[in-house]
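Observations on the model geometry
Listed below, chain by chain, are the residues.
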Amino acid sequence: MKTRFQTRLKALLVAALLTTSFSAFAQETPENYVSYPYAFIGLQGGGQVTFAPCNNWKLITPTASVGVGVHFTPVIGARVHVNGIWNKSGIRFDGIDATYKYKYVTSDLDAMVNLVNLFAKGNYHPVNVYLIGGVGLNYAWDNDEIPELMRQYVSTQNSRSRLSHNFRVGTMLDVNVARNWSVNLEIDANSLSDRYNSQINGRDDWQLTAQLGVTYKFGVRRKIKDTRSSDIIETPVINTVQTETNAAQTVVKEEKPVVPEPPKPQPKAKEKTDASIFFKIASATIQPTEKAKLATIAAWIKAHPDAKVSLTGYADKGTGNPTVNARYAKLRAEAVTKELTQKYGIDASRITTDSKGDTVQPFTDNDSNRVTIVIAEEQ
């Protein structure tokens, strides 16, 4: 017949399964997590039984655990796990059905393999299943309640050396309920030396534990896209506990200072000047009034040593003929070139000379087309 404690334990396990199932459906999957590596600490509580030759329902006792570890990659993790502290054992033979209490502690170094991340795409899932395997040591003590009758009839009883090995294999269902918090259900099978419960029978004893727990994860952070660039910045996520909400979390973004770009230098406008040197009909001689214009433009050319000069001579179409006019246009351009180079010392390599005769008339007034136009411009 099941005891009241056993009934309550089963009810607790059923409630835990319902809770984890609800959490799995209610969990909102965060985006862009950068979760690995991260450290964690977990607390667990539940029940355990070490199988013995008696009614094992009577041997179920509470147990508690603490674990500290690191998940190095989305698949591989490790932890140091310690659990205990109450236990029972018993024996049944020749009408004797006796149990006795003692205390124990088990410490293990466990490897953890995330089966969901191993076989599914992505590094973050709201529900994870771990395969656990480990090795460690177990120590039991304070078994003074062994009945005297058992001491007399069980020659294999040993109450002295109870430090033993422990080999573990198990599985854990872990459900994320917040960015840094998860709840879990873990079931482990432990293999211990037979002297663990003061009975030596030549084969290892088996212990089964089932525990519910809560885990806090350190260093889980989120990728945050900066609004001013396409770079991705990783910033830590800081958890703040508020009295009116459950584990409310605040994401702190590190703002980059906005540094205004210096104004780009505007290209300097190229300076330019020009002059029109007019001539009398049928003449290529520079008049005194026009020489003043040449003096002014020569001074500008000297002040701008990278400037180039173009000279073009013309003749009016209203007089002469094309042959005569072509000759006068050329002579007028050469006269101005000579004045600039010989009188004002302008380097001839800076001057380009051309003539158009009467084929081009730059002015509407006929007489004004007896001219040499000088254009000087910075390069």
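Computed from a predicted model, the values in this text were never measured in an experiment.

Reading guide: rules and limits
- Residue indices follow the written sequence of each chain, beginning from 1 at its first position.
- Whole-chain, interface and lining totals are the exception, using all residues; otherwise, since this is a predicted model, local features are given only for residues with pLDDT of at least 70 and side-chain atom pairs are given and counted only at 80 or more.
- Hydrogens and water molecules were not included; the side-chain quantities draw on all heavy atoms of the structure.
- At least two bridges found by DSSP between two strands is the condition for calling them paired.
- Here a strand is any run of E in DSSP of at least two residues, a helix any run of H or I of at least four, and the numbering for each starts at the N terminus.
- Only C-alpha atoms enter the line fits that serve as axes; for helices the fit covers just the stretch in contact. Angles between N-to-C directions range over 0 to 180 degrees.
- Any two residues whose heavy atoms approach within 4.5 Å are treated as being in contact.
- Both cavities and pockets are sets of points on a 1 Å grid over the protein atoms alone; in a cavity a 1.4 Å probe fits but cannot get out, in a pocket the set is open with protein on both sides within 12 Å along at least five of seven lines, and lining residues sit with an atom within 4 Å of a point.
- Grid points are joined across faces, edges and corners, and a volume is the space filled by probe spheres set on the points.
- Stacked, edge-to-face and tilted are the three classes for Phe, Tyr and Trp ring pairs, Trp counted by its six-membered ring, which pair at centre distances within 6.5 Å; planes under 30 degrees apart are stacked, over 60 edge-to-face, the rest tilted.
- Each residue is placed in one exposure class: buried if its accessible area under a 1.4 Å probe, protein chains only, is under 20% of its type's maximum, exposed if it is over 50%, and partly exposed if it falls in between.

Moving on to the sheet that holds strand β13 (residues 272–278). Pairing within the open sheet is mixed, and its four strands lie in the order β13-β16-β14-β15. Each end of this open sheet is capped by a strand with a single partner; those strands are β13 and β15 (351–357). Going across the sheet, the axis of each strand differs from the next one's by a mean of 15°, ignoring polarity. The pairing of β13 with strand β16 (residues 371–378) spans seven bridges and is antiparallel. Bridging from a neighbouring strand, Ala275 pairs with Val374 of β16. Lying over the sheet, helix α4 (residues 288–303) contacts β13, β14 (307–314) and β16, oriented at roughly 160° with respect to β13. Helix α5 (residues 322–343) contacts β13, β14, β15 and β16 of the sheet and is inclined by roughly 160° relative to β15.

So, about empty space enclosed by the protein. Considering all chains together, one arrives at two cavities of 30 Å³ or more under this definition. Estimates place the volume of the largest cavity at around 150 Å³. As for the largest cavity, its lining consists of 18 residues, and the residues nearest its centre are Phe40, Met112, Met172, Asn184 and Thr215. Those elements that provide at least two residues to the lining of the largest cavity are β2 (38–50), β3 (61–71), β4 (76–93), β7 (163–176), β8 (181–192) and β9 (205–218).

Our next topic: the packing of aromatic side chains. The tally for this structure, following the rule as stated, stands at four aromatic pairs. With centroids separated by 4.9 Å and ring planes inclined at 65°, the aromatic side chains of Trp181 and Tyr216 adopt a geometry described as edge-to-face. Of this pair, Trp181 sits in strand β8 while Tyr216 sits in strand β9; the two residues are 35 residues apart in sequence, bridging distant segments of the chain. We classify Trp181 as partly exposed; its relative accessible area is 31%. With centroids separated by 5.8 Å and ring planes inclined at 50°, the aromatic side chains of Phe278 and Phe363 adopt a geometry described as tilted. Of this pair, Phe278 sits in strand β13 while Phe363 is found in the loop between β15 and β16, placing the two residues 85 residues apart along the sequence. The exposure class assigned to Phe278 is partly exposed, which follows from its relative accessible area of 28%. The exposure class of Phe363 is partly exposed, given its relative accessible area of 28%. An aromatic cluster of three or more residues is present, and its members are Trp181, Tyr216 and Phe218.

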